[in-house]
Amino acid sequence: MRRAFTITLKALAGCVLGLVVLVGCQTIRNSGHTPAPEPAEDVLRVATYNVHYIILGQDTGPWSRGDWERRKGPLALAFDDIDADVIGFQEMESFARGSEGQINLTLDWLLDNNPDYAAAAVGDPAQFPSTQPILYRKDRLTLLEQGWFFFSDTPDVIYSRTFNGSYPAFTSWAEFQDKQSGILFRVVNIHTDYASLSNREKSVALVAERITPWIEAGETVFVIGDLNARLGDDMINDLADVGLRFAPVSGSTFHFNRGINLFGAIDHIAVAGKGRLAAGPFVLRRQYDGEWPTDHYPVIADYDLGLPD
């Protein structure tokens, strides 16, 4: 979910709060929380988490730099709770008008506080968009390659606007080798446009086009992220058609920054190739230190890389 949509969702959330009393929607804070158990030693824990951007030019108000000071501690606790081997983030961005993208408060905070992790899918912002990093455990995984493509008619042009000219949206990806098994796999981290169905459809078609050669070559490919689509939607089915198997996430993964669980999951984890779902998926629907770290819940799944589904 991106910038202008935040205003729309907040307005909608205000209306929903009144409707909740009348129709009894699922809105109880911390309801539906499924704690993730300790992962087994022989599985790979994969996660996805939309952490919302920070507005550097604002000192107060929602998603401001001041607000970041409130939620950075809870976010660190959520990261510990996730306990993933590899986790893709969306909206990990600190921006201001005229900003060149050199500042990423959230990425720096998590790396400074978690020295066992490194960041993939990052680089010089002039050459590599670093707002969808993929963090990984350094003692478990070796980074082999990384890349990106934008959801546009010119996907290999950095920061090119979407198919209808709206804010840039893109895919980041990284290839890893599992040090335990020697198995290679890719993680494809996507965030589609919230506002335009045609943009989302074309974006997913592009993802399917780009990952198909990897899948046909027998690679293990994880596709994770904020798809702004639910299981059963045509876009999810289009990705399943090229070989992706989606973890069956149930319930909400976006909660309006208020714990309002109004509609089905839009954040997903899928795999093609080897990778049997061993446990999960788990959705951490809870606050940390009495705060919501962001307006999405993290989604987690454990996979056995040595076995096909």
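No experiment lies behind these values; they were computed from the predicted model shown.

Details of the overall build of the protein
(1) Moving on: Summing up its helical and strand segments, the protein has five helices and 14 strands in all.
(2) Moving on: Buried residues in the protein amount to 54% of all 309 residues.
(3) Moving on: Carbon and sulfur atoms make up 51% of the accessible area of the protein, which totals about 12,700 Å².

What about the pairing of strand 5 (residues 117-120)?
(1) Moving on: Neither face of strand 5 is open: one carries Tyr-117 and Ala-119, the other Ala-118 and Ala-120, and all of them are buried.
(2) Moving on: The pairing of strand 5 with strand 6 (residues 134-137) spans four bridges and is antiparallel. What sits directly across from Tyr-117, in strand 6, is Arg-137.

Looking at the packing of helix 4 (residues 197-216) against helix 5 (residues 234-241)
(1) Moving on: With their axes 9 Å apart at the nearest point, helix 4 and helix 5 run at an angle of 10° to one another. Comparing their axes, helix 5 and helix 4 come out roughly parallel. From helix 4, Leu-197, Arg-200, Glu-201, Val-204, Val-207 and Ala-208 reach across to helix 5, where they touch Met-235, Asp-238 and Leu-239.
(2) Moving on: In terms of residue class, the contact of helix 4 with helix 5 is built from six nonpolar, no polar and three charged.

Some details on empty space enclosed by the protein
(1) Moving on: The final tally for this structure, using the stated rule, is two cavities of 30 Å³ or more.
(2) Moving on: For the second largest cavity, the calculated volume is near 40 Å³.
(3) Moving on: Lining the second largest cavity are Tyr-49, Ala-78, His-255, Leu-284, Arg-286, Tyr-288, Trp-292, Pro-293, Thr-294, His-296, Tyr-297 and Pro-298.

Some points on the pattern of salt bridges
(1) Moving on: Tallying each qualifying case throughout the model produces 13 salt bridges.
(2) Moving on: Its salt-bridge partner being Asp-302, residue Arg-45 comes within 2.7 Å of it at the nearest N-O pair. Highlighted residues: Arg-45 in strand 1 (residues 44-50) and Asp-302 in strand 14 (residues 299-308), separated in sequence by 257 residues.
(3) Moving on: Arg-45 sits in the buried class, given a relative accessible area of 1%.
(4) Moving on: Between Arg-286 and Asp-81 there is a salt bridge; the shortest N-O distance is 3.9 Å. Here Asp-81 lies in helix 2 (residues 65-82) and Arg-286 lies in the loop between strand 13 (274-283) and strand 14, a separation of 205 residues in the sequence.
(5) Moving on: Its relative accessible area of 30% is what places Arg-286 among the partly exposed residues.
(6) Moving on: Each of the salt bridges in this network shares a partner with another, and the network as a whole consists of Asp-83, Asp-85, Arg-137, Arg-140 and Asp-178.

Concerning the nonpolar core
(1) Moving on: Val-86, Phe-176 and Phe-222 are the most contacted members of the largest nonpolar core, which totals 31 residues.
(2) Moving on: Top contributing element to this core by residue count: strand 14, with four residues.
(3) Moving on: Excluding residues within four positions of it along the chain, Val-86 makes contact with Leu-44, Arg-45, Val-46, Ala-47, Ile-134, Leu-135, Tyr-136, Leu-141, Phe-176 and Val-187.

Focus on unusual backbone geometry
(1) Moving on: Residue Pro-281 is bonded to the preceding Gly-280 through a cis peptide linkage, with omega at 5°.
(2) Moving on: Tracing the chain through its elements places Pro-281 in strand 13.
(3) Moving on: Phi is positive for Phe-256, which is not a glycine, with a value near 65°.
(4) Moving on: Of note, Phe-256 is situated in the loop between strand 11 (245-246) and strand 12 (267-272).
(5) Moving on: At Asp-289, a residue that is not glycine, the phi angle is positive and equals roughly 55°.
(6) Moving on: Take Asp-289: it is sitting in the loop between strand 13 and strand 14.

Thoughts on a negative patch on the surface
(1) Moving on: Taken together, Glu-201, Asp-234, Asp-238 and Asp-241 make up a surface patch of like negative charges.
(2) Moving on: No other element matches helix 5, which puts three residues into the negative patch.

The rules behind each value
Residues numbered from 1 in each chain as written. Predicted model: local features only at pLDDT ≥ 70, side-chain atom pairs only at ≥ 80, totals over all residues. Heavy atoms only, no water. Helix = DSSP H or I, 4+ residues; strand = E, 2+ residues; numbered from the N terminus. Buried < 20%, exposed > 50% of the residue type's maximum accessible area, 1.4 Å probe, protein only. Areas by Shrake-Rupley, 256 points an atom, 1.4 Å probe, with all protein chains shown as cover. Pairing = 2+ DSSP bridges. Axes fitted to C-alpha atoms, helices over the stretch in contact; angles between N-to-C directions. Parallel < 35°, antiparallel > 145°, perpendicular 65-115°, else oblique. Contact = heavy atoms within 4.5 Å. Nonpolar A, V, L, I, M, F, W, Y, C, P; charged D, E, K, R; others polar. 1 Å grid on protein atoms, 1.4 Å probe; cavity = no way out; pocket = protein on both sides within 12 Å on 5 of 7 lines; lining within 4 Å. Points joined across faces, edges and corners; volume = space filled by probe spheres on them. Salt bridge = Lys/Arg side-chain N within 4 Å of Asp/Glu carboxyl O. Core = buried A, V, L, I, M, F, W, Y, C linked by side-chain atoms within 4.5 Å. Patch = residues over 30% accessible without salt bridge, like charges linked within 9 Å, V, L, I, M, F, W, Y side chains within 5 Å. Lys, Arg positive; Asp, Glu negative; His and termini not counted. Charge placed at Lys NZ, Arg CZ, Asp CG, Glu CD.

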